[in-house]
Amino acid sequence: MMIDTIAALRQKIENAAICDEETLETFRRDFISKKGVITALFESFKSLPIEGKRVIGPALQHLKSEVEKKFKNGAKLVEAQALSRTTQKMDVTLPSFGPEVGSLHPLRIVQDKIISIFERIGFNLAEGPEIVGDWHNFGALNFAENHPAREMQDTFFIQRNPDKLLRTHTTSVQISTCESQKPPIRAIAVGRVFRNEAISARSHCFFHQVDGMYINTGVTFSDLKETIYYFVQAMFGKETKLRFRASYFPFTEPSAEVDISCKLCRGKGCHVCKYAGWVEILGAGMIDPSVLMNCKMDAEKYSGFAFGMGIERIAMLHYEIDDLRLFSKNHLAFLRQFTACMSV
Ligand code: DAH
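Note that the structure is predicted; figures quoted are calculated from it, not measured.

Undergrad: Would you mind showing me how to read the site of the ligand here?
TA: Among the 15 residues in the neighbourhood of the ligand, the closest are listed as His169, Thr171, Gln174, Arg195 and Asp211. Contact distances for the ligand include 2.9 Å between an oxygen atom and a side-chain N or O atom of arginine 195. Take aspartate 211: an N or O atom from its side chain is 2.7 Å from an oxygen atom of the ligand. Coverage of the ligand by the protein amounts to 87% of the 360 Å² it exposes when considered alone. Contributions of two or more residues to the shell around the ligand are made by α7 (171-180), β6 (206-216), β9 (278-287) and β10 (303-310).

Written out as structure tokens, the structure is:
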């Protein structure tokens, strides 16, 4: 069938590489010249019945123009090669190509901003490992033995060892910090956390958190409120409203979640805040005295507050990004948008 011959030929033409004079000439001989296959095809076309001509005609014409286009481009390339061979002298006065400059990842930009806000009010950076034992991630934080978050679904255990796991929150650093330091402690911990969740626009198996705490004599809930107010206004702007909602975490009592007025619609309601006018940004509360005792601290003498938030969430609100997966896809087109933003 002629239509099959045309399809096979099209593939052959597509695959033919034109990279120098010799390959250009071979291409010309095989496809363009009077003795080439295309001319032969036009010859056999003449003897087709009229209905056949109607079907084959356009395909044949299309093939011909593809061949001509490829030949033309190839000829241009060969011509440019010849030209550069004759003119290729080094001009040392020409400016050089600058090195490709990378840029900070949006999560890093937001993370640095969060750190600098808390550093301004006396918080130090605390560090902790990503692989921790059950005690640091759960036990010392009052997660009861049968708490659902300990189940295999949520936690990645290492080599089937129930006492070696990828931390599910940076709150684990609160414990290691309290074990190694004495109050007053004003610390934030930043880093990657892991949860065994299906990857979608809204959840991922790894993400980033910031956890903070202040432990001293006489720390109260109003200290927590003041700190969070300061952070929200520095991060999202003075006009941002916030509200505390009662909540529950095993390691804080009382516990709260903090919502801010939606930046996008200024509280009027839009798709980002799901028409509520508010978006949740963090969890917080007064550190449960038993957590302090777990770290061998005198819970009669000291009290403290803690808070924790997801960096992706803050970055998504800040840049109006609606898909969490974009942060880890390494798409240059996405990342290049942040080249100019060294700070948020
Ligand atoms: N660890 C909590 C989570 O991952 C967040 C959190 C809530 C951290 C309250 C805190 C806190 O330090 O006080 O969901």
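Further notes follow.
Undergrad: Sorry if this is basic, but what is going on with the pairing of β9 here?
TA: Regular strands place their side chains on alternate faces of the sheet. A large share of β9 lies buried, amounting to eight of its ten residues. Where strand β8 (residues 252-261) and β9 come together, eight bridges link them in antiparallel fashion. When the sheet's bridge partners are listed, serine 261 is paired in β9 with tryptophan 278. Sheet analysis places β9 next to β10, joined by five bridges and oriented antiparallel. Looking at β10, one finds that alanine 284 is bridged to phenylalanine 307.

Undergrad: Is there a simple way to explain the side chain of threonine 171 in this structure?
TA: Positionally, threonine 171 belongs in helix α7. Looking at threonine 171, the relative accessible area reads 4%, which means it is buried. The contact partners of threonine 171, leaving out residues within four places of it in the chain, are Leu141, Asp211 and Phe251.

Undergrad: Help me understand the pairing of β6, please; the structure alone is not making it clear to me.
TA: Across the eleven residues that make up β6, a large majority, ten, are buried. Here strand β5 (residues 185-194) pairs with β6 via ten bridges, running antiparallel. Bridging across to β6, phenylalanine 194 finds its partner in phenylalanine 206. Two elements, β6 and β10, share eight bridges in a ladder whose sense is antiparallel.

What counts, and where the lines are drawn
Residues numbered from 1 in each chain as written. Predicted model: local features only at pLDDT ≥ 70, side-chain atom pairs only at ≥ 80, totals over all residues. Heavy atoms only, no water. Near = heavy atom within 4 Å. Polar contact = N/O pair within 3.5 Å; in protein donor to acceptor, adjacent residues only side chain to side chain. Areas by Shrake-Rupley, 256 points an atom, 1.4 Å probe, with all protein chains shown as cover. Helix = DSSP H or I, 4+ residues; strand = E, 2+ residues; numbered from the N terminus. Buried < 20%, exposed > 50% of the residue type's maximum accessible area, 1.4 Å probe, protein only. Pairing = 2+ DSSP bridges. Contact = heavy atoms within 4.5 Å.

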